[in-house]
Amino acid sequence: MRILITGSNGMIGRNIIKLLSKKKNKIYCLDLNQNTLKNYKLKYIQCDLLNFSKLISKTSKMRFDTIIHLAGFLGVEKSTISELECIETNLQGTVNVMKLSKLTKTKQIIYASSSEVYGDILKKPFKETDACAPKSAYGVSKLAAETYMRAFCKKNKLNFKIIRYFNVYGQYQRKDFVIPKFIDLIKKNKPLKIYGSGKQIRSYCHVFDAAAATIKVLKKGKKNNIYNVGNNSEPISLKNLVNVLKKNTPKKINFSLVPFQKSDRSKEREIFFRIPNLDKIKSHTGYLPQISLERGLKNLLND
Ligand SMILES: NC(=O)c1ccc[n+]([C@@H]2O[C@H](COP(=O)([O-])OP(=O)(O)OC[C@H]3O[C@@H](n4cnc5c(N)ncnc54)[C@H](O)[C@@H]3O)[C@@H](O)[C@H]2O)c1
């Protein structure tokens with residue numbers, strides 16, 4: 001298969017490349033930055049997705065069977081400070097990818113959306129058919145991109161699959177996300193800060209599982225469907241996440257609770273309970289998460 005991956009140099013992109021490279025796939029990597037994976041046979045396209053003329057000049061003569069569109073603007077702090085930049089990157093970037101998919105006669109497009117599209121809806125865990133009520137510019141941008149993609153695909157008779165990732169963590173993650181931030185501070189013997197009461201519930205998904213789920217959706221997912229991707233087997237509060245880290249390191253960990261008003265996020269933006277319903281992806285593709293939270297954290301602590 002000829003597969004174009006946008007955002008290929010990010011955490012999820014690099015882990016997908018590692019899995020796809022095991023089979024006879026031709027992988028085209030598009031990112032702002034040169035891909036840092038060594039010893040893989042990849043074709044690099046260094047380009048800003050928002051620069052449409054450059055994008056077309058570099059790729060329009062290529063042909064792809066699938067585009068996995070991961071490139072995006074993410075991170076609570078970043079997307080709160082730069083709301084318009086976030087919306088532009090995620091929406092305009094998707095508009096450009098969709099136009100490219102038509103030009104390159106691509107058969108299917110897989111889009112990396114987010115659990116943030118659900119917001120704080122009352123019905124839990126979140127199911128793909130639940131109404132969406134995003135609370136942040138990031139969530140709005142992801143839902144807008146999903147909606148545009150669906151309309152574009154219907155009009156142009158293309159196939160899409162949308163993945164809503166839930167709290168992915170693991171190797172290559174940027175340090176502004178909670179798990180790599182905490183692990184970095186622990187390694188430097190510095191105290192941790194938990195925003196709010198620490199009772200916020202998350203279910204973290206190791207990036208190996210997220211990447212494997214993406215490939216399952218690519219191969220076995222039904223066309224024009226939305227899939228939650230995550231790991232719902234170990235929902236955990238932020239305070240207990242710190243306890244699991246404590247259990248798995250000889251280092252002393254100190255933490256303090258910091259009120260939202262003194263943090264990088266407002267209470268109104270926070271989502272207090274986030275767990276995916278995974279029935280659909282399990283029944284359509286056979287996906288089952290493999291990596292326990294303790295094993296994933298232990299690997300990162302020992303890295
Ligand atoms: N990590 C998570 O927990 C999570 C959860 C929900 C959704 N997602 C979505 O999954 C996708 C991948 O996430 P990730 O964790 O790998 O993120 P990441 O930040 O590690 O990687 C994103 C990549 O996109 C590239 N990129 C950004 N803007 C670009 C542009 N204009 N042109 C070309 N490349 C550009 C960056 O250089 C980076 O390599 C994102 O769209 C994100 O919104 C991630």
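Predicted, not measured: the structure shown is a model, and the values here were computed from it. (Residues numbered from 1 in each chain as written. Predicted model: local features only at pLDDT ≥ 70, side-chain atom pairs only at ≥ 80, totals over all residues. Heavy atoms only, no water.)

A look at the nonpolar core
Consideration 1: Counting residues in each nonpolar core, the largest one holds 32 residues, and the members touching the most others are Ile5, Ile16, Ile68 and Tyr165.
Consideration 2: Taken together, the elements giving at least two residues each to this core come down to strand E1 (2-6), helix H1 (11-20), strand E2 (26-31), strand E5 (108-114), strand E6 (159-165), helix H7 (207-220) and strand E11 (225-229).
Consideration 3: Per element, the largest residue contribution to this core is seven residues, and it comes from H7.
Consideration 4: The contacts of Ile68, once residues within four sequence positions are left out, are Ile3, Leu4, Ile5, Thr6, Ile16, Leu20, Ile110, Thr214 and Leu218. (Core = buried A, V, L, I, M, F, W, Y, C linked by side-chain atoms within 4.5 Å. Buried < 20%, exposed > 50% of the residue type's maximum accessible area, 1.4 Å probe, protein only. Helix = DSSP H or I, 4+ residues; strand = E, 2+ residues; numbered from the N terminus. Contact = heavy atoms within 4.5 Å.)

A look at the sheet that holds strand E9 (residues 201-202)
Consideration 1: One open sheet accounts for three strands, arranged E12-E9-E14; its pairing is mixed. With partners counted over all chains shown, the strands left at the sheet margins are strand E12 (236-237) and strand E14 (273-274), one partner each.
Consideration 2: Pairing between E9 and E14: two bridges, direction parallel. The partner of Arg202 across the bridge, within E14, is Arg274. (Pairing = 2+ DSSP bridges.)

Side note on the packing of aromatic side chains
Consideration 1: Enumeration over the complete set of coordinates arrives at six aromatic pairs.
Consideration 2: Ring centres of Tyr28 and Phe64 lie 5.1 Å apart, and the angle between their planes is 75°; this geometry places the pair in the edge-to-face category. Placement of the pair is Tyr28 in strand E2 and Phe64 in the loop between helix H2 (52-59) and strand E4 (66-69), with a sequence separation of 36 residues. There is no split in this pair, since Tyr28 and Phe64 are both buried.
Consideration 3: Between the aromatic rings of Tyr118 and Phe166, the centroid separation amounts to 6.0 Å while the plane-to-plane angle is 40°, which identifies the pairing as tilted. Pair noted here: Tyr118 is in the loop between E5 and helix H5 (137-156) and Phe166 is in the loop between E6 and strand E7 (168-169), with a separation of 48 residues, a long-range link.
Consideration 4: Over the ring of Phe73 we find Lys78; its NZ or CZ atom is 4.5 Å from the centre of that ring. (Phe/Tyr/Trp six-rings, centres within 6.5 Å; stacked < 30°, edge-to-face > 60°. Lys NZ or Arg CZ within 6 Å of the ring centre and 35° of its normal.)

A few points about H1
Consideration 1: Of all ten residues that make up H1, nine are buried, and the element is covered over most of its length.
Consideration 2: Buried within H1 we find Met11, Ile12, Gly13, Arg14, Asn15, Ile16, Ile17, Leu19 and Leu20.

Section: the packing of helix H6 (residues 178-187) against helix H8 (residues 238-247)
Consideration 1: Viewed as axis vectors pointing N to C, H6 and H8 meet at an angle of 45°, and their least axial separation amounts to 12 Å. By the angle class used here, H6 and H8 are oblique. H8 is crossed by H6, and the crossing has right-handed handedness. Facing H6, whose interface residues are Val178, Ile179, Phe182, Ile183 and Ile186, H8 presents Leu238, Leu241, Val242 and Leu245.
Consideration 2: Residues of the contact of H6 with H8, tallied by class, amount to nine nonpolar, no polar and no charged. (Axes fitted to C-alpha atoms, helices over the stretch in contact; angles between N-to-C directions. Parallel < 35°, antiparallel > 145°, perpendicular 65-115°, else oblique. Left-handed = near helix turned anticlockwise from the far one by under 90°. Nonpolar A, V, L, I, M, F, W, Y, C, P; charged D, E, K, R; others polar.)

Considerations on the domain arrangement of the chain
Consideration 1: As assigned here, the chain comprises domain 1 (2-169 + 205-229) and domain 2 (178-202 + 234-276 + 290-302).
Consideration 2: Centre-to-centre separation of domain 1 and domain 2, based on C-alpha positions: 27 Å.
Consideration 3: Facing 21 residues of domain 1, the contacting portion of domain 2 comprises 21 residues.
Consideration 4: Approximately 1800 Å² of surface area, both sides summed, lies buried where domain 1 meets domain 2, with 59% of it carried by carbon and sulfur atoms.
Consideration 5: Among the residues of domain 1 in contact with domain 2, Val76, Lys135 and Tyr169 are the three that bury the most area, contributing 31% of the side total.
Consideration 6: Scanning the region where domain 1 abuts domain 2 turns up one salt bridge.
Consideration 7: The shortest N-O distance in the salt bridge between Glu116 and Arg274 comes to 2.7 Å.
Consideration 8: Tallied by class, the residues present in the side of domain 1 that touches domain 2 amount to seven nonpolar, eight polar and six charged. (Domains from an automatic or database assignment. Buried area = accessible area lost by both parts, 1.4 Å probe. Salt bridge = Lys/Arg side-chain N within 4 Å of Asp/Glu carboxyl O.)

Remarks on the pattern of salt bridges
Consideration 1: Here the structure, examined in full by the defined rule, presents nine salt bridges.
Consideration 2: Note that Asp130 is salt-bridged to Lys123, the shortest N-O span being 2.8 Å.
Consideration 3: On the basis of relative accessible area, Lys123 is assigned to the exposed category, the value being 56%.
Consideration 4: Among the ionic pairs, Asp176 bridges to Arg174, the shortest N-O distance being 2.9 Å.
Consideration 5: Residue Asp176 is classed as partly exposed on the basis of its relative accessible area, which comes to 33%.
Consideration 6: For Arg174, a relative accessible area of 32% puts it in the partly exposed group.
Consideration 7: Here the residues in one salt-bridge network are Arg2, Asp65 and Lys107, joined through shared partners.

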